[in-house]
Structures are given as C-alpha cells and as structure tokens.
Amino acid sequence: MRPYLLIDIDGVLIPFPDADGTTPATHARHEVVPTGRSADDLVTIWLNPAHGPALMDLIRTGLLTPVWCTSWRQDATTLIGPLLGLPPLPHVDLPRPDITTSHPHGYLWKRDHVDAWLGDAPAVWIDDDFTSLDHEWSAERVARGLPTLLIQPNPREGVQPEHFAEVSAWATEVSTLRGSESSPGAGRTRRVALKAPPGT
C-alpha cells in the first residue's frame, strides 16, 4: 500500500498573516467563494504558485497517494487545487465540530478522524497545528510498524522546499524498505529502520 500524503491548507498552503497583516512575498492574492457563501461574500487567500509544481513532483513519483485533510473539505479540490494547477484530489471527510480550540483534548481535533480513516495505512501528514501529543501518536504508529511522518510548517510561512524534500526522502525510504521486506528472506526486522519522525 502506498503511503497517504495528507495535506492541510490553512497555515500550510495559505499562511496566516503577521500581526501587521503582511504575508510572504512569495504568495499571490486570490479571492474565492467557499461553499455556503454568496458570490459577493469573498474570502481572500494567499497562495505560493511554486507549491503546485512541488506537490505535482511528489505526486508524479508514484510513491504517495495525495489526499486533502483540511477544514476546506471539498472546496480544497474545487477552489484551492485549481489555483495551484493541481488535479482533482480526494479529501478526508472531516466533520464540523462545535469547538472553540484546535486542540479540545490536547491534540489536533482532526487526529481521531484521521486515525480512523487511515486504519493501518502508512502516511505523511503536513499540518501546522500539531501538539506534542500528535507527535507521540505518530511515534506510536511507527513503533507498531506503520510508517508515519508529521511535517509541521511555521503557519506564518507555510510549507517550504525543505519540507517537500523531507517528504520525498521519507517516501523513497519507505518504498525501499517495504520492497526489501517483501523480498525472499528479508524478514520483519527491517521495520526497525523506520525511525520515529522528528519532533517526537
């Protein structure tokens, strides 16, 4: 099974403005109409045009299955993806929880839903809002032989080239190790080489 590449949007592709309202110079302004809003109720977003090609480079490796994992839900495919030149991608059907914090239980609110959605599938998850408990969850999955990597960009900068490079290197390592495990005489001990992700 190919690992999933779970992609958040806010704080990852769309950076949060600084206190003075500025955003990175690398990002271009767009206005979109999310589902449920009227055509005159626009939402302003900023996207880096380089992110589309960078994500496409990861997708074209064939080592990952990309999936949106964001509160934008289906709008990620219909509104955000096209602005970056991305093909239609599936999304995790996250609920709309009645919460006042991203971490109602001390960890990212999405995590329980993602955990159930993934099952025993390997995954690399890019999100800006993880806590130490999320990194512990990731390490526990790795310890159970389920390759897992959390990438956590600075929400005011968004995902960076080094993050894409880390995802690519991880996916290549997982593919190589899993290929070795499936070869005759490889044995199960190869999994110990899948180290816990940074930040754990």
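Structure first, text after, so check above.
Every residue gets a number counted from 1 within its own chain, in the order that chain's sequence is written. In keeping with the model being predicted, local features are shown solely for residues with a pLDDT of at least 70 and side-chain atom pairs are shown and tallied solely at 80 or more, while totals for entire chains, interfaces and linings include all residues. Each side-chain value is worked out from all heavy atoms of the structure, with water and hydrogens disregarded.

Engineer: Please explain the sheet that holds strand β6 (residues 148–151) as it appears in this structure.
Structural biologist: Neighbouring strands of a sheet are bound in pairs by backbone hydrogen bonds; such pairs are parallel or else antiparallel. Paired strands, in this sense, are two strands between which DSSP finds at least two bridges. A run of H or I in DSSP becomes a helix once it reaches four residues, and a run of E becomes a strand once it reaches two; helices and strands are each numbered from the N terminus. Reading across from one edge, β4-β1-β5-β6 is the order of the four strands in this open sheet, with parallel pairing throughout. The sheet terminates laterally at β4 (65–68) and β6, the two strands that pair on one side only. Across this sheet, the average inter-strand angle for adjacent strands is 15°, counted without regard to direction. Sheet topology note: the strand β1 (residues 4–7)/β4 ladder contains four bridges and is parallel. Bridge pairing in β4 places Ile7 opposite Trp68. Think of each axis as a best-fit line through the C-alpha atoms, taken over the contacting stretch in the case of a helix, with angles from 0 to 180 degrees between the N-to-C directions.

Engineer: What am I meant to see in the packing of aromatic side chains here?
Structural biologist: The geometry of an aromatic ring pair is captured by the separation of the ring centres together with the interplanar angle, meaning the angle of the planes. Any two of the Phe, Tyr and Trp rings considered here, Trp counted by its six-membered ring, make a pair once their centres fall within 6.5 Å; the pair's planes then place it as stacked at under 30 degrees, edge-to-face at over 60, or tilted in between. Inspection of the entire model under this criterion finds three aromatic pairs. Only when the NZ atom of a Lys or the CZ atom of an Arg is both within 6 Å of the ring centre and within 35 degrees of the ring normal do we say a charge sits over the ring. Over the ring of Tyr107 we find Arg111; its NZ or CZ atom is 3.8 Å from the centre of that ring.

Engineer: Even after reading the chapter, I still don't get a negative patch on the surface, so can you show me in this structure?
Structural biologist: Only residues whose relative accessible area exceeds 30% and that take part in no salt bridge are eligible for patches, with like-charged residues grouped when within 9 Å of each other and nonpolar side chains (Val, Leu, Ile, Met, Phe, Trp, Tyr) grouped when within 5 Å. What sets the accessible areas is the Shrake-Rupley method with a 1.4 Å probe; for residues, cover comes only from the shown protein chains. By definition, a salt bridge exists where a carboxyl oxygen of Asp or Glu is found within 4 Å of a side-chain nitrogen of Lys or Arg. In summary, the charge assignment counts Lys and Arg as positive and Asp and Glu as negative, without counting His or the chain termini. For charged residues, the charge sits on one atom: NZ in Lys, CZ in Arg, CG in Asp, CD in Glu. On the surface, a cluster of negative charge is contributed by Asp18, Asp20, Glu157 and Glu162. Tracing the sequence through the fold places Asp18 in the loop between β1 and β2 (28–32).

Engineer: I'm lost on helix α1 (residues 51–60) in this one. Help?
Structural biologist: Helical geometry: 3.6 residues make up each α-helical turn, so side chains three or four residues apart lie on a common side. Burial status follows relative accessibility: with a 1.4 Å probe on protein chains alone, a residue under 20% of its type maximum counts as buried, one over 50% as exposed, and anything between as partly exposed. Of the residues making up α1, those classed as buried are His51, Gly52, Ala54, Leu55, Met56 and Leu58. In the stretch just after α1, Gly62 is the one whose phi turns positive, near 75°.

Engineer: What is the right way to read the nonpolar core from this model?
Structural biologist: Grouped burial of nonpolar side chains is what soluble globular proteins tend to show. Throughout, nonpolar core names a set of buried Ala, Val, Leu, Ile, Met, Phe, Trp, Tyr and Cys residues whose side chains join them through atoms within 4.5 Å. One finds Leu13 and Trp72 to be the most contacted residues of the largest nonpolar core, which totals 32 residues. Of all the secondary structure elements, the ones that give two or more residues to this core are β1, β3 (43–47), α1, α2 (75–83), β5 (123–126), β6 and α5 (161–182). It is α5 that contributes the most residues to this core, five residues altogether. Ignoring sequence-local partners within four residues, the contact set of Trp72 consists of Ile9, Asp10, Ile14, Val32, Pro34, Ile45, Leu79 and Ile80. The contact definition used throughout considers only heavy atoms, calling two residues in contact when any of these lie within 4.5 Å.

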